[in-house]
Amino acid sequence: MTGGQPIKLGILVSGNGSNLQAIIDAIEAGGLDARIACVVSSTPGAFALTRASRHNIPVVIHENRGFTNRREYDAALVKILRDHGVELVILAGYMRILSEVMVTAFPNAIMNIHPALLPAFPGLHAQKQALDYGVRFSGCTVHFVDCGTDTGPIILQSVVPVEQDDTEESLSARIQKEEHRTYPEAVRLFCEGRIRLEGRHVRILP
Ligand code: GRF
């Protein structure tokens with residue numbers, strides 16, 4: 001919070017990690033008063049791990065091998081995050097669905113970014129869903145994570161136009177550019193103590 005110690009982030013990844021990079025860059029540029037306590041990857045070869053190591057951020061690979069169910073896996077994940085003192089969990093291209101074990105361990109302190117304007121097009125391949133539907137605008141949504149799929153309270157959204165000749169790749173690239181601006185902004189609001197949750201409404205304090 002403002003004036004105190006920087007909030008400790010735990011960032012969960014599975015792939016490229018461009019959103020992780022955007023958060024690292026925002027912190028290093030002085031625009032975000034937070035510290036990344038650890039990056040946890042569900043996949044060993046994720047490029048996000050390379051990005052984290054380049055910035056001397058502790059990384060943990062947490063595969064599902066050896067766990068019989070999602071709850072057990074998540075209980076171990078909670079322990080990793082707690083051991084690193086994590087206060088806010090950031091899902092950044094994390095390809096696993098969280099069980100209530102994670103959701104209840106970090107109440108209103110897990111954020112996700114989704115590449116569509118929720119509640120439209122939740123789940124996988126959101127950009128393709130938007131193109132197939134024929135919408136004129138799409139974008140990205142940062143939201144708190146609850147036990148549903150992309151159903152939690154919405155923190156910020158950014159809109160991008162859909163062009164006539166867009167492919168899944170071109171639309172995804174346009175949305176990602178907005179993600180990299182929007183996600184650090186949402187994290188900053190949290191770190192500044194400016195987010196208040198009223199039911200499923202997120203109030204942003206001045
Ligand atoms: C982003 O498009 C995000 O919206 C979705 O997963 C993707 C992650 O990309 N949740 P990256 O790994 O941050 O580059």
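Everything numeric here is computed off the predicted structure, so don't read it as measured data. (Residues numbered from 1 in each chain as written. Predicted model: local features only at pLDDT ≥ 70, side-chain atom pairs only at ≥ 80, totals over all residues. Heavy atoms only, no water.)

Caption draft 1: Spatial organisation of the overall build of the protein. A tally of regular secondary structure across the protein gives six helices and nine strands. Against the 2.2 N^0.38 benchmark of 17 Å for 206 residues, the protein shows a C-alpha radius of gyration of 16 Å, consistent with a compact globule. Here the protein holds 206 residues, and the buried ones make up 48% of them. Put simply, 63% of the contacts in the protein that link residues at least 6 apart link residues at least 24 apart. For the protein, the distance from the average site of its 20 positive side-chain charges to the average site of its 22 negative ones is 3 Å. (Helix = DSSP H or I, 4+ residues; strand = E, 2+ residues; numbered from the N terminus. Rg over C-alpha atoms; globule rule 2.2 N^0.38 Å. Buried < 20%, exposed > 50% of the residue type's maximum accessible area, 1.4 Å probe, protein only. Contact = heavy atoms within 4.5 Å. Lys, Arg positive; Asp, Glu negative; His and termini not counted. Charge placed at Lys NZ, Arg CZ, Asp CG, Glu CD.)

Caption draft 2: Representation of the nonpolar core within the structure. If you look at the biggest cluster of nonpolar residues, it comprises 60 residues, and the most contacted ones within it are Ile11, Leu81, Met102, Phe106, Met111 and Val187. Those residues in contact with Met102 that sit more than four places away from it in its chain are Leu12, Asp74, Leu77, Val78, Leu81, Val89 and Ile110. (Core = buried A, V, L, I, M, F, W, Y, C linked by side-chain atoms within 4.5 Å.)

Caption draft 3: Looking closely at the pattern of salt bridges. All chains considered together, the criterion is met by eleven salt bridges. In this structure, Arg188 engages Glu192 in a salt bridge whose closest nitrogen and oxygen atoms are separated by 3.0 Å. You can call Glu192 partly exposed: its relative accessible area is 30%. In this structure, the salt-bridge partner of Arg196 is Glu198, at a minimum N-O distance of 3.0 Å. Classification of Glu198 as partly exposed rests on a relative accessible area of 32%. (Salt bridge = Lys/Arg side-chain N within 4 Å of Asp/Glu carboxyl O.)

Caption draft 4: Structural view of the layout of surface pockets. Roughly 870 Å³ of internal volume is contained in the largest pocket. Residue lining of the largest pocket: 35 residues in total, with Gly93, Tyr94, Met95, Asn112 and Ile113 positioned closest to the centre. At the level of elements, helix 1 (18-28), strand 5 (110-114), helix 5 (126-133) and helix 6 (168-191) are the ones that each hand at least two residues to the lining of the largest pocket. By residue class, the composition of the lining of the largest pocket is twelve nonpolar, 18 polar and five charged. (1 Å grid on protein atoms, 1.4 Å probe; cavity = no way out; pocket = protein on both sides within 12 Å on 5 of 7 lines; lining within 4 Å. Points joined across faces, edges and corners; volume = space filled by probe spheres on them. Nonpolar A, V, L, I, M, F, W, Y, C, P; charged D, E, K, R; others polar.)

Caption draft 5: Region of interest: helix 1. Counted residue by residue, helix 1 has eight buried out of eleven residues, so it is predominantly covered. For helix 1, the complete set of buried residues consists of Ser18, Asn19, Leu20, Gln21, Ala22, Ile23, Ile24 and Ala26. Each element contacted by the buried residues of helix 1 is listed here: strand 1 (7-13), strand 2 (34-41), helix 2 (47-54), strand 4 (88-91), strand 5 and helix 6. With its phi angle positive at about 85°, Gly30 sits one or two positions after the end of helix 1.

Caption draft 6: Seen up close, the sheet that holds strand 6 (residues 137-144). Pairing is mixed across the open sheet formed by seven strands, whose spatial order is 3-2-1-4-5-6-7. In this open sheet, the two edge strands, each paired with only one partner strand, are strand 3 (59-61) and strand 7 (154-161). Going across the sheet, the axis of each strand differs from the next one's by a mean of 20°, ignoring polarity. In the sheet, strand 4 pairs with strand 5 via three bridges, with the strands oriented parallel. Pairing of Leu91 across the sheet is with Asn112, part of strand 5. Those strands touched by helix 2 are strand 1, strand 2 and strand 3, and its axis lies near 155° from that of strand 3. (Pairing = 2+ DSSP bridges. Axes fitted to C-alpha atoms, helices over the stretch in contact; angles between N-to-C directions.)

Caption draft 7: Expanded view of the site of the ligand. In the region of the ligand, the neighbouring residues are Asn16, Gly17, Ser18, Asn19, Gly93, Ile113, His114, Pro115, Gln176 and Glu179. Between an oxygen atom of the ligand and a side-chain N or O atom of Asn16, the distance comes to 3.4 Å. At a separation of 2.9 Å, an oxygen atom of the ligand approaches a polar backbone atom of Asn19. When the free accessible area of the ligand is taken as 370 Å², the share hidden by the protein chains comes to 83%. If you map the ligand onto the pockets, it falls in the largest pocket. Contributions of two or more residues to the shell around the ligand are made by helix 1, strand 5 and helix 6. Class assignment for the residues of the shell around the ligand results in two nonpolar, seven polar and one charged. (Near = heavy atom within 4 Å. Polar contact = N/O pair within 3.5 Å; in protein donor to acceptor, adjacent residues only side chain to side chain. Areas by Shrake-Rupley, 256 points an atom, 1.4 Å probe, with all protein chains shown as cover. Sits in = over half its atoms within 2 Å of the grid points.)

Remember that the coordinates give geometry; whether it matters functionally is a separate question.
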